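# Observations on the model geometry
If you want the building blocks of each chain, they are given just below.
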Protein chains: 2
Amino acid sequence: MTGDSNGLRPRRGRRSGGTDTKDLILEAARIRFAQEGFDAVSLRQIARDAGVDAALVHHYFGSKDELFAACVALPMDPAKVLGHLAGTPVEQRAEVILRTILDLWDSPARTAMLAMVRSALNSDAQAALLRQVLTRLILPRALAGLDYPEDERELRGSLLVSQVLGLLHARHLLRIEPLASVGSEQIIRWVAPTLQRYLTGDVDGQNSPSTSPAA
Amino acid sequence: MTGDSNGLRPRRGRRSGGTDTKDLILEAARIRFAQEGFDAVSLRQIARDAGVDAALVHHYFGSKDELFAACVALPMDPAKVLGHLAGTPVEQRAEVILRTILDLWDSPARTAMLAMVRSALNSDAQAALLRQVLTRLILPRALAGLDYPEDERELRGSLLVSQVLGLLHARHLLRIEPLASVGSEQIIRWVAPTLQRYLTGDVDGQNSPSTSPAA
């Protein structure tokens, strides 16, 4: 990594392209996204920081979503992996989400995802990027078609994240048995109802789901 | 930290006491617990590693539980903080557990607990210690009086851990809003039913809790 001490302008002057131009753009974008958040950042601003023409940013990365995904080295394209969720009936949404996630964790993408979670715990900038991955790229697709007021939508989304993150943490980072080694279907039977309640369950929790008494 | 290169015998010869004797015992115990696990380790063995008389270990630390808690610098005594759970009606257990945990996270103990979770992600030895804290000191108290076969008990316990760990992770480490700033009561309304299902809900998940449809 190269960059000036202020961290915001890795290079001066316009660049017309070349092998490291993509890296310059990514470096400038990572800094901007971490410091200011996904919404506040424009591609034009990132181009200026990187010392390149804005058209080059579009040429290399297409949309802001795609630039952001490249920035955080996301091991999958959320639009592709989660795009089918919008077409899923709401009452089956949790199961489909969880199955998609468990399949991802069983794919080669797992290593990169675990690295991302680990590094987010060691660096505020990385934590900011992961928060934005979750809230800007993942949750809107998980909650597609669920028509809630914005604050309720965010609360439901953050609860969903808490259980999925905890599952990743317990299964693949801390490796607590038997959760570390049980099959996907057993996890889905246990955890999908939790996620479904967070997605579509009673709003204020007064009417909480019934549970069977212990034996 | 001092110690020989083999890491198992920090000092040779018997010690009769003194300012650093406790540290020697703790150092030897940390290594044994991380390498062999809570169950396999005896106080006699730790005393031998530390080069002290076993009576001194009892004198300084009392039980193996207490030595282990001191080893991992647990910021609270699980017997004291969770001892009341055994007397809680099973159907209110999740709420009482969650309230106890949220109170702990709002106490000065939070910093030490977050440090423990972070370091467990950066070191296999620390992960082994945290796993043992959870499975040997915390879960038996959370599940006290719940009469399940051992494998089901462990599965329910690990599911409980997954949601609590995920809540800690989302609220205090990654700080995803609004979960990072909502009050305890709101978290209890949403998350206690999840924990209650993991504790006492239907075993194979066929009869999953009802959820209200989305608006």
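Calculation rules
Residues numbered from 1 in each chain as written. Chains lettered and ligands numbered in written order. Predicted model: local features only at pLDDT ≥ 70, side-chain atom pairs only at ≥ 80, totals over all residues. Heavy atoms only, no water. Helix = DSSP H or I, 4+ residues; strand = E, 2+ residues; numbered from the N terminus. Expected span 1.5 Å × (residues − 1). Buried < 20%, exposed > 50% of the residue type's maximum accessible area, 1.4 Å probe, protein only. Contact = heavy atoms within 4.5 Å. Axes fitted to C-alpha atoms, helices over the stretch in contact; angles between N-to-C directions. Parallel < 35°, antiparallel > 145°, perpendicular 65-115°, else oblique. Nonpolar A, V, L, I, M, F, W, Y, C, P; charged D, E, K, R; others polar. Polar contact = N/O pair within 3.5 Å; in protein donor to acceptor, adjacent residues only side chain to side chain. Salt bridge = Lys/Arg side-chain N within 4 Å of Asp/Glu carboxyl O. Least-squares fit on C-alpha atoms with pLDDT ≥ 70 in both. Buried area = accessible area lost by both parts, 1.4 Å probe.

Named according to an unreviewed UniProt entry, chain A is AcrR family transcriptional regulator originating from Arthrobacter russicus.

### Remarks on helix α6 (residues 93–105) of chain A
Residue and element names in this part refer to chain A. Helix length check: α6 (13 residues) gives 18 Å between terminal C-alpha atoms against 18 Å at 1.5 Å per residue, within 8%. Turning to α6, its buried residues number three or more, namely R93, A94, I97, L98, T100, I101, L102, L104 and W105. Summarising the contacts, the buried residues of α6 are in contact with α5 (78–82), α7 (109–122), α8 (124–142), α9 (150–173) and α10 (184–200).

### Some thoughts on the packing of α8 of chain A against α9 of chain A
Residues and elements named next belong to chain A. Packing of α8 against α9 leaves a shortest axis separation of 11 Å and a crossing angle of 100 degrees. By the criterion of interaxial angle, the relationship of α8 to α9 is roughly perpendicular. Contact with α8, carried on its side by L134, L139, P140 and A142, involves R153, G157, S158, L160 and V161 of α9 and no other residues of that element. Grouping the constituent residues of the contact of α8 with α9 by class yields six nonpolar, two polar and one charged.

### Points about the side chain of T100 of chain B
Residue and element names in this part refer to chain B. With respect to the helices, strands and loops of the structure, T100 is situated in helix α6 (residues 93–105). A polar contact of 2.7 Å, which involves the side chain of T100, links it to the backbone oxygen of V96. Residues contacting T100, with those up to four places away along its chain left out, are V81, L82 and H84.

### Topic: the pattern of salt bridges
Per the stated rule, a full pass over the model turns up 16 salt bridges over all chains. One salt bridge in this structure joins E185 of chain A and R99 of chain A, with 2.6 Å as the shortest N-O distance. Residue E185 of chain A is found in helix α10, and its partner R99 of chain A is found in helix α6; the two are separated by 86 residues along the sequence. Look at E185 of chain A and you get partly exposed, because its relative accessible area is 43%. According to the relative accessible area criterion, R99 of chain A is partly exposed, its value standing at 29%. One salt bridge in this structure joins R136 of chain B and D39 of chain B, with 2.9 Å as the shortest N-O distance. Here R136 of chain B is found in helix α8 (residues 124–142), whereas its partner D39 of chain B is found in the loop between α1 (21–36) and α2 (43–50), with 97 residues between them in sequence. The exposure class assigned to R136 of chain B is partly exposed, which follows from its relative accessible area of 36%. When salt bridges that share partners are traced, they join R32, E36 and D49 of chain A into one network.

### Thoughts on the relation of the copies chain A and chain B
Of the transformation placing chain A onto chain B, the axial shift is 0.0 Å and the rotation is 180 degrees, giving an RMSD of 0.1 Å. The two molecules are tied by a two-fold rotation axis, judged by turn and shift. Measuring from the rotation axis to each C-alpha of chain A, the shortest distance belongs to G166 of chain A, at 1.7 Å. In this assembly, 100% of the residues forming the interface of chain A have copies in chain B that are likewise at the interface, indicating an isologous arrangement.

### Structural notes on the interface of chain A and chain B
Listed per partner, the contact involves 58 residues of chain A and 59 residues of chain B. Across the chain A to chain B interface the summed buried area is about 5000 Å²; carbon plus sulfur atoms make up 63%. It is L121, L174 and W190 of chain A in chain A that bury the most area against chain B; as a group they hold 17% of the surface buried on that side. There are zero salt bridges connecting chain A and chain B. At the surface where chain A touches chain B, the tally comes to 15 residue pairs in polar contact (both at pLDDT 80 or more). Mapped by element, the contributors of at least two residues to the side of chain A that touches chain B are α7, α8, α9 and α10 of chain A. For the side of chain A that touches chain B, the element with the highest residue contribution is α9 of chain A, accounting for 14 residues.

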